[in-house]
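Tertiary structure, described
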Amino acid sequence: MIELIPAIDIINGQCVRLTKGDYDQKTVYRDAPAEVAKEFEALGFKRLHVVDLDGAKSKHIVNEAVLDAITTQTQLIVDFGGGIKTDDDIEKAFASGASMVTVGSIAVTQPDLFMGWLEKYGAEKMILGADVRHGKISINGWKEDSDEDLLPFLRKYVDAGVRTVLCTEISKDGTLSGPAIDLYKRVMDAYPELHLIASGGVSSQEDILALDAAGIPAVVFGKAIYEGKINLKELWDWQNA
């Protein structure tokens, strides 16, 4: 059964969503992310994906106070990403209550630093972020595309011990146009041992059923929740039937 992970993206301390990672296409949904997190927990969810979009843009963590509020007011297992560029950033994320961190740009620009974190904190606390646009890994809040192709990029880190990957198809993210199932299947075919978290484009419960049928281990979804496209109670009941 696919693991369900609702998402909270943060700008200026508010719960927002972008379209295709474009900061000029921002919708603010709620003013208190911790209250949203508590609602997810009340429905029975155990996991939460939190992204500091200010941090991703600024290249350092900005919204650690929001992360701390979420982790102190809920029992959710939170993975946190956005702006983790230095030892100070990753320590700040864990000190603010993150159970895991999602790191993408550093794995491209400073692979030795990422490898050091992987060794220091362990694979169970490190999620490799693989955000893809036109087949290339995107970095720095999706403002730049690297020269790294997805599958070879993943290979060196899978060989190094990475076991969890969050893969976002940027062209799908925030569009409610359906997930990039073929992309995720290619990843799973190449690396069946991975705990792959699909992200981007989920628009309905049917999309999640399709990901589950394709054998994708986990899914992150956000906009479909805030736009009322998914009934979380029905989804939770389906998973626990």
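In this report, we go over the structure that sits alongside the text. Note that the coordinates shown come from a computational prediction; the quantities given were computed from them, not determined experimentally.

1. Thoughts on helix H9 (residues 205–213)
When we look at burial in H9, the residues that qualify are Gln-205, Asp-207, Ile-208 and Leu-211. Across the axial projection of H9, the buried residues extend over an arc of 155°, all falling on one side. Exposed side of H9, more than 90 degrees from the buried face: Glu-206 and Ala-213 are the residues found there. Tucked into the core, H9 has its buried residues touching strand E1 (3–11), helix H8 (181–190), strand E11 (195–199), strand E12 (218–221) and helix H11 (232–239). Once H9 ends, the next one or two residues include Gly-215, with phi positive near 85°.

2. Looking at the packing of helix H6 (residues 111–121) against helix H7 (residues 150–160)
Remark: H6 packs on H7, axes separated minimally by 11 Å, with the N-to-C direction vectors making an angle of 30°. Between H6 and H7 lies a crossing of right-handed hand. In this structure, H6 uses Pro-111, Phe-114, Met-115 and Leu-118 to contact H7, whose residues at the interface are Lys-156, Tyr-157 and Ala-160. Taken together, the residues of the contact of H6 with H7 sort by class into 6 nonpolar, no polar and 1 charged.

3. Points about the nonpolar core
Generally speaking, soluble globular proteins have nonpolar side chains that are buried together. Ile-8 and Phe-221 are the most contacted members of the largest nonpolar core, which has 70 residues in total. Apart from the residues lying within four places of it in its own chain, the contact partners of Ile-8 are Cys-15, Pro-33, Val-36, Ala-37, Phe-40, Leu-48, His-49, Val-50, Val-51, Ile-70 and Tyr-226.

4. As for a positive patch on the surface
Taken together, the side chains of Lys-26, Lys-57, Lys-59 and Lys-143 present a region of like positive charge at the surface. Mapping Lys-57 onto the fold places it in helix H2 (residues 53–58).

5. Overview of empty space enclosed by the protein
Scanning the model with the defined rule gives 1 cavity of 30 Å³ or more in all. Forming the walls of the largest cavity are 42 residues, and the residues nearest its centre are His-49, Val-51, Asp-131, Trp-142 and Thr-168. The residue inventory of the lining of the largest cavity, partitioned by class, reads 17 nonpolar, 19 polar and 6 charged.

6. A closer look at the packing of helix H1 (residues 33–43) against helix H3 (residues 64–73)
Interhelical geometry of H1 versus H3 gives an angle of 30° and a closest axis separation of 9 Å. By the angle between their directions, the pair H1 and H3 is classed as roughly parallel. H3 is crossed by H1, and the crossing has right-handed handedness. Every residue of H3 that contacts H1 at Pro-33, Ala-34, Glu-35, Ala-37, Lys-38 and Glu-41 is listed here: Val-66, Ala-69, Ile-70 and Gln-73. Among the residues making up the contact of H1 with H3, the classes are represented as 6 nonpolar, 1 polar and 3 charged.

Rules and cut-offs
Residues numbered from 1 in each chain as written. Predicted model: local features only at pLDDT ≥ 70, side-chain atom pairs only at ≥ 80, totals over all residues. Heavy atoms only, no water. Buried < 20%, exposed > 50% of the residue type's maximum accessible area, 1.4 Å probe, protein only. Helix = DSSP H or I, 4+ residues; strand = E, 2+ residues; numbered from the N terminus. Arc of directions from axis to C-beta. Contact = heavy atoms within 4.5 Å. Axes fitted to C-alpha atoms, helices over the stretch in contact; angles between N-to-C directions. Left-handed = near helix turned anticlockwise from the far one by under 90°. Nonpolar A, V, L, I, M, F, W, Y, C, P; charged D, E, K, R; others polar. Core = buried A, V, L, I, M, F, W, Y, C linked by side-chain atoms within 4.5 Å. Patch = residues over 30% accessible without salt bridge, like charges linked within 9 Å, V, L, I, M, F, W, Y side chains within 5 Å. Areas by Shrake-Rupley, 256 points an atom, 1.4 Å probe, with all protein chains shown as cover. Salt bridge = Lys/Arg side-chain N within 4 Å of Asp/Glu carboxyl O. Lys, Arg positive; Asp, Glu negative; His and termini not counted. Charge placed at Lys NZ, Arg CZ, Asp CG, Glu CD. 1 Å grid on protein atoms, 1.4 Å probe; cavity = no way out; pocket = protein on both sides within 12 Å on 5 of 7 lines; lining within 4 Å. Points joined across faces, edges and corners; volume = space filled by probe spheres on them. Parallel < 35°, antiparallel > 145°, perpendicular 65-115°, else oblique.

Nothing here speaks to function; it is all geometry.
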